[in-house]
Amino acid sequence: MEKNKTGFTDKYYRLLLILIFAAGILIRLYYYVQNNSLWYDEASLAFNVVNGSYKSLFSGLQLMQACPPGFTVSVKFLLDLIHPKNIYIRDLLLRLIPFVCGAASIFAFYRLEECVLKNSKAKILTGLLLFSITPAAILYSVQFKQYSTELLISIILFIIFYKIIFEEKNKWYYLPVIVLSVWFSYSAFFVVAAGLLALFFKNKKLFLLILGFTVLNCLVYYFLSLKDVFSVNYSFMNSYWSEAYSFLHITHPTRILYRTGDMFILIKNISLIAGLIVYIPFLIYWAGKENYIKKVLFTAPVLFAVLASMLHKYPFSCRLILFLLPVFLILLVEVKGKIGLALKIILGGISLISISTYSPDTRDICYSYARDITAYLNHNKKQEEILIFDSNYNEYLFYFNDYNLKIGNDSIILPAAFYSEDLNPRIEVIEALPKGHYYLLTSIYKAKQIVEQAGLKPVELDLGFKPKKCKAVYFEKN
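None of the values given here were measured: they were computed from a predicted structure.

Visitor: What is the right way to read the overall build of the chain from this model?
Guide: When you go through the chain residue by residue, the secondary structure sums to 20 helices and five strands. For the chain, the C-alpha radius of gyration of 24 Å lies close to 23 Å, the compact-globule estimate for 478 residues. In terms of principal-axis extent, the alpha carbons of the chain reach across some 85 × 50 × 50 Å. Looking at the chain residue by residue over its 478 residues, the buried ones come to 53%. Residue pairs at least 24 apart in sequence account for 73% of intrachain contacts in the chain once pairs closer than 6 positions are excluded.

Next up, the structure:
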């Protein structure tokens, strides 16, 4: 009877695992094959990868970008290896590594659950389902940014340290993976530090060995890359993330909840609820009787990230703390009883509601069709027609290079960044323009509104499709 019961359970367990794996991958594949134009942040990073040298990718990047060189070099090598024949395929290739890492992270998280949760099938299935449908994990699997890679690397590091510390297994490749992980993931520093701290309490000899190689690697990394990154980007990044309220502060205790909850939904009050759901298990775990070394391994990365954010060294923004998702979900599924069930159902419901509308920026700048706009201008723009941009035109700059179009002396740059809600400076520039023919290309969805409020008639470009939002118009001034 017991054997039949176990066989029955295993059969449906494997079936549910396959369904969850398939659903997680298909959701990511669905968004990947849509292959929209790269939006502002993606285009800024792509500009560095496509136009820069391999050496430049180790230094501070242009256009206010910071990205681990292992990621950027890998993408550039892929492009050089395949030599895509058109821009559309090039954009797919740029997003290929994030997609592969995003899909692989589902399988890696399952392996981590097997280590930590052992034979608790219900917990494994619940955690895997929540991981597969987390909106931020889906989104950054199809964006040309490094965050899905960082998520995968954090899971791999957790698995390695867990096996070393609690299963006393130490394979030859664990050390190089630990040491080299930081070249592909800035957030890996937090996980490696937590792993070393936990290892210190378990095996001091092995701790000293890994620590020695890690310190040596970090010194090389600093002088080959990080030193230049800090000198070029730190000041701008600090200012940007401060304005975006992404540094934690003791006077704003709910900010940590909002920023963590943003991984699941970007509606402010609901993200607060999602953040609470995540940190309730965190507190329960600390108050429980769990092995203290295990507590160090799984909670220290969160505490290190919080401390770094309070010191203005690391922003606490949902995409930059995505690497903590495995910790949050494992601690969540460990919560027992009706409270645990309620927390899981609510977080799962929030994620499902959010998937189809989730955007990386609540100011809606992430949708772009600059690739189509640029192709249209290449075929239709006349010499006397003037291009007008707002001050954040990176997505156009990236695609203009593909057609040898220039943002030159005959172009007009509107004042104010896209984060400004005040359209008046832009409108005033339009009103002061001399007679002529113009294209207005914006990084926001207010192109028609700006021209209309200037008393003129905007005409949307005939691209062969209707954009979801209007970012570019043509107008004449007589």
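Visitor: Would you mind going over the nonpolar core with me for this structure?
Guide: A general tendency of soluble globular proteins is for nonpolar side chains to be buried together. Among the nonpolar cores identified, the biggest contains 99 residues, and Y279, L322 and L325 are the most heavily contacted of them. Take this core: its biggest share by element is 13 residues, from helix α8 (residues 147-166). Aside from chain neighbours lying at most four places away, what touches L325 is F131, T134, A137, L151, M263 and F264. By size, the runner-up hydrophobic cluster in this structure holds 53 residues, among which are A43, Y396, Y399 and Y438.

Visitor: Mind showing me how you'd approach a nonpolar patch on the surface here?
Guide: A surface patch of nonpolar side chains, amounting to about 590 Å² of accessible area, comprises V215, L219, Y222, F223, F230 and Y234. In this structure, F223 sits in helix α11 (residues 204-243). The class of F223 is exposed, set by a relative accessible area of 55%.

Visitor: Would you mind showing me how to read the sheet that holds strand β3 (residues 436-441) here?
Guide: Strands belonging to one sheet form pairs held by backbone hydrogen bonds; the direction of such a pair is parallel or antiparallel. What the five strands build is an open sheet, ordered β2-β1-β3-β5-β4; its pairing is mixed. Edge positions in the open sheet fall to β2 (412-413) and β4 (459-460), since each of these has one partner strand only. Sheet analysis places β3 next to strand β5 (residues 472-477), joined by six bridges and oriented antiparallel. Bridge pairing links L440 to V473 in β5.

Visitor: Mind showing me how you'd approach unusual backbone geometry here?
Guide: With the exception of glycine, most residues fall at negative phi, and the peptide bonds are largely trans. With a phi angle near 55°, E168 is a residue other than glycine that sits in the positive phi range. Relative to the helices and strands, E168 resides in the loop between α8 and α9 (174-180). Look at E168 and you get exposed, because its relative accessible area is 63%. Positive phi outside glycine occurs at H312, with the angle close to 60°. Summarising the element assignment, H312 is placed in the loop between α14 (292-310) and α15 (325-333). Residue H312 is classed as partly exposed on the basis of its relative accessible area, which comes to 28%.

The rules behind each value
Residues numbered from 1 in each chain as written. Predicted model: local features only at pLDDT ≥ 70, side-chain atom pairs only at ≥ 80, totals over all residues. Heavy atoms only, no water. Helix = DSSP H or I, 4+ residues; strand = E, 2+ residues; numbered from the N terminus. Rg over C-alpha atoms; globule rule 2.2 N^0.38 Å. Buried < 20%, exposed > 50% of the residue type's maximum accessible area, 1.4 Å probe, protein only. Contact = heavy atoms within 4.5 Å. Core = buried A, V, L, I, M, F, W, Y, C linked by side-chain atoms within 4.5 Å. Patch = residues over 30% accessible without salt bridge, like charges linked within 9 Å, V, L, I, M, F, W, Y side chains within 5 Å. Areas by Shrake-Rupley, 256 points an atom, 1.4 Å probe, with all protein chains shown as cover. Salt bridge = Lys/Arg side-chain N within 4 Å of Asp/Glu carboxyl O. Pairing = 2+ DSSP bridges.

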